[in-house]
Amino acid sequence: MTIFCSHCHRPLQAEMSCLPRRDKQAPSASKPFRSTKSASKARRDQINVELQALRSLLPISAREKERLSYLHTMALVCLRMRGAQLFPPDSAPPGGPALGTELLSLLPGFLLVLSANGKLVYISENVDQVLGLSLVELLAQGDTVFDILAGRTHEDVRKKLLLAQEQPGKEVMFVSEMCTSKAFRLQHGGNRAVAVRGRFMALRWPASPSTTAFLALCTPVARLPADSDAGSQDDLFQSTHILDMMFTDVTESVTYHLGYRREELIGQSWYSLLHPEDADLAAAQHRAVGESLGAGAAAETAVLRLLRRDWTWAWLSVSARRGCGGHSIICTSRCLR
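Residues numbered from 1 in each chain as written. Predicted model: local features only at pLDDT ≥ 70, side-chain atom pairs only at ≥ 80, totals over all residues. Heavy atoms only, no water.

As recorded in an unreviewed UniProt entry, the chain goes by NPAS4 protein and comes from Uria aalge.

Quick word on the packing of aromatic side chains
What counts here: Centres within 6.5 Å are what make two rings of Phe, Tyr or Trp a pair, Trp counting through its six-membered ring; a difference in plane orientation under 30 degrees is then read as stacked, over 60 as edge-to-face, and the rest as tilted. Here a helix means four or more residues in a row that DSSP labels H or I, a strand means two or more in a row labelled E, and each is numbered from the N terminus. Here's how the labels work: a residue is buried when its accessible area is under 20% of the maximum for its type, exposed when over 50%, partly exposed in between, all with a 1.4 Å probe on protein chains only. Here, over-ring charges are defined by two tests on the NZ atom of lysine or the CZ atom of arginine: distance to the ring centre within 6 Å, and angle to the ring normal within 35 degrees.
Within this structure, the stated rule accounts for two aromatic pairs. Between Phe 200 and Phe 214, the ring centres sit 5.3 Å apart and the planes meet at 55 degrees, which makes this aromatic pair tilted. Here Phe 200, found in strand 5 (residues 192-202), pairs with Phe 214, found in strand 6 (residues 212-220); they are 14 residues apart in sequence, far enough to count as distant. For the residue pair Phe 200 and Phe 214, the accessibility class agrees, reading buried in each case. Ring geometry for Phe 247 versus Trp 270: centroids 6.1 Å apart, planes at 45 degrees, classification tilted. Linking Phe 247 in strand 8 (residues 247-250) with Trp 270 in the loop between helix 11 (262-265) and helix 12 (279-291), this pair joins segments that are 23 residues apart in sequence. Accessibility assignment for this pair places Phe 247 and Trp 270 in one class, buried. The ring of Phe 146 has Arg 158 lying over it, and the distance from NZ or CZ to the ring centre is 4.2 Å.

Considerations on the UniProt feature "domain: PAS" (unreviewed entry) in the chain
As a reminder of what qualifies: UniProt positions are given in the numbering used here, feature names are shortened, and annotations may be inferred rather than shown by experiment.
As recorded in UniProt, the sites labelled "domain: PAS" (unreviewed entry) are residues 102-168 and 250-278. Secondary structure over residues 250-278 splits into 31% helix and 3% strand, and the C-alpha atoms at its two ends are 21 Å apart.

Some remarks on the sheet that holds strand 7 (residues 236-241)
The test is simple: Strands are labelled as partners when DSSP assigns at least two bridges between them. Angles here are taken between N-to-C directions and fall from 0 to 180 degrees, while the axes themselves are lines fitted to C-alpha atoms, restricted in helices to the stretch in contact. Residues count as neighbours in contact if any of their non-hydrogen atoms are within 4.5 Å of one another.
If you walk across this open sheet you meet the five strands as 8-7-11-10-9, and the pairing is antiparallel. Two strands lie at the open edges of the sheet, namely strand 8 and strand 9 (302-307), each paired on one side alone. Ignoring which end each strand starts from, the neighbouring axes of this sheet average 35 degrees apart. Relative to strand 8, strand 7 is paired through three bridges, and the arrangement is antiparallel. The partner of His 241 across the bridge, within strand 8, is Phe 247. With respect to the sheet, helix 12 is in contact with strand 9, strand 10 (313-322) and strand 11 (329-335), its orientation differing from that of strand 10 by roughly 15 degrees.

Okay, structure coming up:
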């Protein structure tokens, strides 16, 4: 007795031919093809080949290329791509490959270029002389300027960069600690304080965030002292103020650092000497001390600029605390050279 297929009414022997074959089914969204070990290895090998090709194009020494991890390779590639976007091959980038070792050695610091959103675009090769970290090692910290800053100055730096971006061509300056190598910290007792001076510039027209960059020179200054630093007293002076920050007394050493005689400052306001860009930071420190109760209460140290008698600016690391009785504010200012 022959049994017929209910689908095609052919003999049972032909039943399998009328049904869709399972091994020929196309993958669906719910049942994709399963990856095999050989396919995964092939993909990894292809990725390795592409990374090796990218690594070979990087303008660094063969020794540095051998030490690059995959993440470091991609970080450098992204850095070069951002640079190529801002400085196309037919333009002349500031401090590009033509900026030789001899010229870099004449600079008091290293060059830094940032995109409009704070991404690192260029760092000159002499950065290792200032921070003890090579460009590759520095990129291990991250790919924005905030990743290479140490301490709690991110918000202040963000405000300064925003101010510079809103007013292209306006020079801004700030001092912040930057990440350094472990060997540097052991030798110098901490990270390196760096004064960053730069401005946003339109590199091509029409100006837009993608064609604007922050060009800066980063110069090392004296290490920012800790509150408990018992270093030399030759680079500091002390001043006493009433609660509105008017000078009531100042040590004679202020003449050496700022050029003023003691009598010239008594009766003046502290704010009359402050750089306008640092007024907000100084006011925040002032409020912190003013709102604290009791003698000895102190605020965090701030890095500020004060006007010298010769109309130049002095960088100072200023710590403030309440005086005896709580009716005065005592500032200890250390000059950063």
